[in-house]
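Observations on the three-dimensional arrangement
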Amino acid sequence: MSMQTHSSVRFSADCVREGGQLVVRFQGRLMRGPRNLPPDWRTCLEQSTTFRDVAVDLGGVTDIDASGIGLLAELTAVSQRSGRRVAVVAANPRVRRLLSLT
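Residues numbered from 1 in each chain as written. Predicted model: local features only at pLDDT ≥ 70, side-chain atom pairs only at ≥ 80, totals over all residues. Heavy atoms only, no water.

Here we look at the nonpolar core
Let me state the cut-off plainly: By convention a nonpolar core is built from buried Ala, Val, Leu, Ile, Met, Phe, Trp, Tyr and Cys residues, the set being connected through side-chain atoms within 4.5 Å. Think of it in three bands: residues with accessible area under 20% of the maximum for their type are buried, residues over 50% are exposed, and the middle band is partly exposed, with areas taken using a 1.4 Å probe on protein chains only. Put simply, DSSP H or I for four residues or longer makes a helix, DSSP E for two residues or longer makes a strand, and each gets a number counted from the N terminus.
Among the nonpolar cores identified, the biggest contains 21 residues, and Val 24, Phe 26, Leu 30, Val 56, Leu 58, Ile 64 and Leu 72 are the most heavily contacted of them. Of all the secondary structure elements, the ones that give two or more residues to this core are β2 (11–18), β3 (21–30), β4 (53–64), α2 (66–81) and α3 (93–101). Residue contributions to this core peak at five residues, all from β4.

Encoded structure:
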């Protein structure tokens, strides 16, 4: 599933199956997003509960703020409540530093 958010948000997210895991691939500036997410985001969250592993690929994320971190926290919480393992991969040093602070 591929989704593009509202133009003012400036990020996109793709949810794809790769092997036995769900890969959620973000691109762009993950900022001010949770209020403007498309309806498909709920489907992506629901899909995360059907896989054993969920990889959150932040390789295409250039910047992130508190609401973007909140979005990642929601994805992680939904997945972990269902007994799924979640791993963040490919985050650039700035994004990784901000995530480690939270």
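Describing the pattern of salt bridges
Selection criterion: The term salt bridge refers to a side-chain nitrogen of Lys or Arg lying within 4 Å of a carboxyl oxygen of Asp or Glu.
According to the stated counting rule, one finds five salt bridges in the structure shown. With a shortest N-O distance of 2.7 Å, Arg 25 and Glu 18 are connected by a salt bridge. Residue classification places Glu 18 among the partly exposed residues on the basis of a relative accessible area of 38%. Of the charged contacts in the structure, one is a salt bridge between Arg 85 and Asp 53, with a shortest N-O distance of 2.7 Å. In this pair, Arg 85 is assigned in strand β5 (residues 85–89) and Asp 53 in strand β4, connecting sequence segments 32 residues apart. Residue classification places Asp 53 among the buried positions, given a relative accessible area of 18%. Beyond isolated ion pairs, a larger network of salt bridges with shared partners links Glu 18, Arg 25 and Asp 57.

What about the side chain of Asp 53?
Selection criterion: Distance and chemistry together define a polar contact, namely a pair of N or O atoms within 3.5 Å, with one atom able to donate a hydrogen and the other to accept it when in protein, and with adjacent residues in sequence counting only for side-chain atoms on both sides. We call two residues in contact when some of their heavy atoms are within 4.5 Å.
Polar contacts involving the side chain of Asp 53 include one to the side chain of Arg 85, which spans 2.7 Å. Sequence-distant contacts of Asp 53, defined by excluding residues within four places in its chain, comprise Gly 20, Gln 21, Leu 22 and Arg 85.

Quick look at the side chain of Asp 63
Looking at the element boundaries, Asp 63 is found in strand β4. Residue classification places Asp 63 among the buried residues on the basis of a relative accessible area of 14%. Sequence-distant contacts of Asp 63, defined by excluding residues within four places in its chain, comprise Gly 28, Arg 29, Leu 30, Met 31 and Arg 94.

Remarks on the pairing of β4
Short version of the rule: Note: two strands are recorded as paired if DSSP finds a minimum of 2 bridges between them. By definition, the crossover connecting two strands over a helix is right-handed if that path, from the first strand to the second, turns clockwise as seen with the strands pointing away from the viewer.
Most of β4 is tucked away: nine of the 12 residues are buried. As judged from the nine bridges shared by β3 and β4, these two strands associate in the parallel manner. For Val 24, the partnering residue across the bridge sits in β4 and is Val 56. Where β4 and β5 come together, five bridges link them in parallel fashion. Paired with Asp 57 across the strands is Val 89, a residue of β5. For the crossover that starts at β4, traverses α2 and ends in the parallel β5, the hand is right-handed.

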